[in-house]
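Residue-level structural notes
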There are 2 protein chains.
Amino acid sequence: MGEFSFIEWIRKRQKRRRDVVLGIGDDCAVINVSSDRLCLITTDMLVDGTHFDLKKCTVQDVGRKAIACSISDIAAMGCQPTVAVISICFPDHTTEAFARKLYKGIWDIADTYHIEIVGGDIISGRSPFCINVTMLGRDDGLKPIRRSGARVGDAILVTGMLGGAILGKHLSFEPRLKEGVALNKNFSIHAMIDISDGLTADLNHILEESGVGAVLYEDQIPVSPAAVELSVETGHTPLYHALSDGEDYELLMTVSPAQAKKIVSSGLLGDVKVSCIGEIVRGRSVRMKFSAGAIRRIKPHGYEHLQ
Amino acid sequence: MGEFSFIEWIRKRQKRRRDVVLGIGDDCAVINVSSDRLCLITTDMLVDGTHFDLKKCTVQDVGRKAIACSISDIAAMGCQPTVAVISICFPDHTTEAFARKLYKGIWDIADTYHIEIVGGDIISGRSPFCINVTMLGRDDGLKPIRRSGARVGDAILVTGMLGGAILGKHLSFEPRLKEGVALNKNFSIHAMIDISDGLTADLNHILEESGVGAVLYEDQIPVSPAAVELSVETGHTPLYHALSDGEDYELLMTVSPAQAKKIVSSGLLGDVKVSCIGEIVRGRSVRMKFSAGAIRRIKPHGYEHLQ
């Protein structure tokens, strides 16, 4: 069973409420909480040994990451996070010092983004250390940007550099919140997602929700130095890592070609590089236009649970 | 480190937002989402081997329980649940049949209470089966009932029968949602909580938040047949089990003596028994008025994690 096919099964079977604007299958769900206000909600679970390794990082890093991932999900809708609740399962015999360090990491980033931790659940068990963050956001009069709005002819843009996040960025990344909100406020973004599973896998989420295909330009993919570094160890190409690694937490979006030009030239995203890496086309596949001229279909792969 | 002292530490350190009406330390947090609408949020994590045992129950039971616990938290504020997000960690090699049975349990109860599952996170890892539910609720013009409103002179009421939930009720309980909302709509409830940690432990949460003490009447505690049954195995008294076991998911509340009479005589709660089990007094302790006449201090105990 694949994770995504199981989610599709849940999605089809789920009974719907009238106040739910957007249910399962996007970065956040969106609920109508009053005539003119939307509430966004997103949840993420991280488990030691799977999403991080306490032998290779500090518990403070984990606290920071757990919050940052959720902020990134709300940023990918172009909206503002507000509060979070956190469930934690500590392994038996966890010390108070460990628990406090976790919260130091949580507060470091929650305070920066003015997010209040309003509740949670703390348990202990014969289990690896596990943390679940549910975060709420608000629309502030903006329309939450879905995955489903990509149109044939759109340009595909991505922020930052991709690949090799495992070498450090997966813990230290700054969620693209300012950028996500600025893009939503100032431009018409057709579809947006944050890159957690990997560029091609997350692009594929947009394509499936929108019923379109894509062509990527090999020479425009912003390959990070970390992808190059990692490629030496793995024997894969740097491009492979940029396309597949995931956990970049960059924003991937589709916009009209005219808006794409404006975004790139606006300087609104400050130091954050924006690359035009491809275009939306008819069909359902992801193809790559290689520098040598050939266009070949590539298989979207990236991290999928329940494989 | 105790769970509750750690939560107290978090609560004191936490920076506050102006739109948060009620933060850490109650059954739910309450957020102001528009000028006249409140959003409630609660989160609960359940881990195999700690909160349930898949050798003794079905995964369908677990799905049902995870949702029912969260409904109970919102019922304890006298408000209406709306949507939930669910994170699940499946152990490696989980079958699709197992995952589908889990969702059967989830939907059995979610559909009954018109709760839509709007999102979630599904992961797999080298970890026991673990599920986290975050549920939202709405005020519908009612005031969420806090733990902190108990007043000296109040009567202490509890729904249903207590103790021995481990023999079955901890899985099959019906959350007191109809009752919680009816109580909030029709009466002035000063403080309310649902019994998850145990009668004395949860009463103590009300006392600590309200800055008051309590006297319980030994002969008025509604001891369940399950508590009697369990006492044969354990050697403890049935009363001990009714006071300490927890996971009854009944509603414990304090109201004026006049309101208490009205609630008991109103018949509004239908088949659900309501017992007047004590009164709120000055001080901070829980004392028991024994049938033989003596009044003695009892130690609030019940389930606490991180012991």
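So, how was this worked out
- Residue indices begin from 1 for each chain and proceed along its sequence in written order.
- For naming, the first written chain is A and the first written ligand is 1, with later ones following in the order written.
- Predicted model: local features are reported for residues with pLDDT of at least 70 only, side-chain atom pairs are reported and counted for 80 or more only, and whole-chain, interface and lining totals are derived from all residues.
- The side-chain values count all of the structure's non-hydrogen atoms but skip hydrogen atoms and water molecules.
- By the criteria applied, helices consist of DSSP H or I runs no shorter than four residues and strands consist of E runs no shorter than two, each listed in order from the N terminus.
- Each residue after the first adds 1.5 Å to the expected span of a helix.
- The cut-offs for exposure are 20% and 50% of the maximum accessible area for each residue type, with area from a 1.4 Å probe on protein chains only; residues under the lower value are buried, those over the upper are exposed, and the others partly exposed.
- The fit set for superposing copies consists of C-alpha atoms from residues with pLDDT of at least 70 in both; the fit itself is least squares.
- Note on contacts: a residue pair is in contact if any heavy atoms of the two residues lie within 4.5 Å.
- Note that the domain bounds were set by an automatic or database domain assignment.
- The term buried area means the drop in 1.4 Å probe accessible area that two parts suffer when joined, counted for both and summed.
- Whenever a carboxyl oxygen of Asp or Glu lies within 4 Å of a side-chain nitrogen of Lys or Arg, that contact is scored as a salt bridge.
- A 3.5 Å cut-off defines polar contacts: any pair of N or O atoms within that distance qualifies, except that in protein one atom must be a possible hydrogen donor and the other a possible acceptor, and neighbouring residues in sequence count only when both atoms are side-chain atoms.
- Residues were grouped as follows: Ala, Val, Leu, Ile, Met, Phe, Trp, Tyr, Cys and Pro as nonpolar; Asp, Glu, Lys and Arg as charged; and all remaining residues, including Gly, as polar.
- UniProt positions are given in the numbering used here, feature names are shortened, and annotations may be inferred rather than shown by experiment.
- Pairs of strands are assigned from DSSP output, requiring at least two bridges between the strands.
- Every angle, taken between N-to-C directions, lies between 0 and 180 degrees, and every axis is a line fitted to C-alpha atoms, over only the stretch in contact when it is a helix.

Right, let's talk about helix α2 (residues 59-75) of chain A for a bit. Residues three or four positions apart in an α-helix share a direction because the helix packs 3.6 residues into each turn. For α2(A), built from 17 residues, the straight-helix expectation of 24 Å at 1.5 Å per residue is met to within 8% by its first-to-last C-alpha distance of 24 Å. Among the 17 residues in α2(A), 15 count as buried, and that is most of the element.

Turning our attention to the relation of the copies chain B and chain A. For these two chains of identical sequence, chain B goes onto chain A by a turn of 180° and a shift of 0.0 Å along the axis, with RMSD 0.0 Å. Expressed as an axis order, the relation between the two copies is that of a two-fold axis. Among all C-alpha atoms of chain B, that of B:Ser127 lies closest to the rotation axis, at 3.0 Å. Both copies present the same face, since 100% of the interface residues in chain B are matched by interface residues at the equivalent positions in chain A.

How big an interface is tends to be stated in terms of the accessible area lost upon association of its parts. Residues and elements named next belong to chain A. Domain boundaries in chain A define domain 1 (3-138) and domain 2 (155-298). The centre of domain 1, based on its C-alpha atoms, is set 24 Å off from the matching centre of domain 2. Buried surface at the junction of domain 1 and domain 2, both sides included, amounts to about 1,800 Å², of which 55% is carbon and sulfur. Among the residues of domain 1 in contact with domain 2, Arg64, Lys65 and Tyr113 are the three that bury the most area, contributing 26% of the side total. Two residues, Glu174 and Arg64, come together in a salt bridge whose shortest N-O distance is 3.1 Å. Our enumeration of links across domain 1 and domain 2 arrives at nine residue pairs in polar contact (both at pLDDT 80 or more). The set of elements that each furnish at least two residues to the side of domain 1 that touches domain 2 consists of α1 (3-13), α2 and β4 (80-91). Its residues placed into classes, the side of domain 1 that touches domain 2 shows 12 nonpolar, five polar and six charged.

By the secondary structure assignment, B:Ile7 is in helix α1 (residues 3-13). Those residues in contact with B:Ile7 that sit more than four places away from it in its chain are A:Ile122 and B:Ile24.

If you trace the backbone, A:Arg17 turns up in the loop between α1 and β1 (20-22). The class of A:Arg17 is buried, set by a relative accessible area of 17%. Discounting chain neighbours no more than four positions away, the residues touching A:Arg17 are B:Pro81, B:Thr82, B:Val83, B:His114, B:Glu116 and B:Arg138.

Residue and element names in this part refer to chain A. Residues annotated by UniProt as "binding site: Mg(2+) 3" (unreviewed entry) correspond here to Asp27, Asp73 and Asp194. Annotated residues spanning 168 residues; largest pairwise C-alpha distance 7.8 Å, indicating a single compact cluster. With respect to the helices, strands and loops of the structure, Asp73 is situated in helix α2. Since its relative accessible area comes to 10%, Asp73 is described here as buried. Separated by 3.0 Å, the side chains of Asp73 and Thr42 make a polar contact.

All right, on to the pattern of salt bridges then. Residue and element names in this part refer to chain B. Per the counting criterion, the structure on display carries 32 salt bridges over all chains. Of the charged contacts, one joins Glu209 and Arg11 as a salt bridge, the two residues approaching to 2.8 Å between their closest N and O atoms. Taken together, the positions of Glu209 in helix α6 (residues 199-210) and Arg11 in helix α1 put the pair 198 residues apart, joining distant regions of the chain. Judged by its relative accessible area of 27%, Arg11 falls in the partly exposed class. Across the pair Asp108 and Lys104 runs a salt bridge, and its minimum N-O distance is 3.3 Å. One end of the pair is Asp108 and the other is Lys104, both in helix α3 (residues 96-112) and four residues apart, which spans about a single turn.

UniProt records the feature "domain: PurM-like C-terminal" (unreviewed entry) at residues 167-288 of chain A, using the numbering of this structure. End C-alpha to end C-alpha, residues 167-288 of chain A measures 26 Å, and it is 43% helix and 20% strand.

In this section: the sheet that holds strand β7 (residues 155-159) of chain B. All names here are of chain B. Spatial ordering of the open sheet is given by β8-β10-β7-β11-β9-β12-β13, a layout of seven strands whose pairing is mixed. Strands with a single pairing partner mark the edges of an open sheet, and in this sheet they are β8 (191-194) and β13 (295-298). On average, adjacent strands in this sheet sit at an angle of 25° to one another, irrespective of strand direction. Relative to strand β10 (residues 251-255), β8 runs antiparallel, the two sharing four bridges. Looking at β10, one finds that Ile193 is bridged to Leu252. Contacting β7, β8, β9 (213-217), β10, β11 (274-281), β12 (286-289) and β13, α6 crosses the sheet at an angle of about 145° to β8.

The interface of chain B with chain A comprises 67 residues on the first partner and 67 residues on the second. For the pairing of chain B and chain A, the buried interface totals around 5,900 Å² over both sides, and the portion due to carbon and sulfur atoms is 64%. Run the count over chain B and chain A and you get eight salt bridges. Residues B:Glu116 and A:Arg16 are paired through a salt bridge, measuring 2.7 Å at the closest nitrogen-oxygen approach. Joining chain B to chain A, the criterion identifies 21 residue pairs in polar contact (both at pLDDT 80 or more). At the level of secondary structure, the elements contributing two or more residues to the side of chain B that touches chain A comprise α1, β2 (29-34), β3 (37-47), β4 (80-91), α3, β5 (116-125) and β6 (130-138) of chain B. Tallying contributions element by element places β5(B) first for the side of chain B that touches chain A, with 10 residues. Classifying every residue of the side of chain B that touches chain A gives 33 nonpolar, 19 polar and 15 charged.

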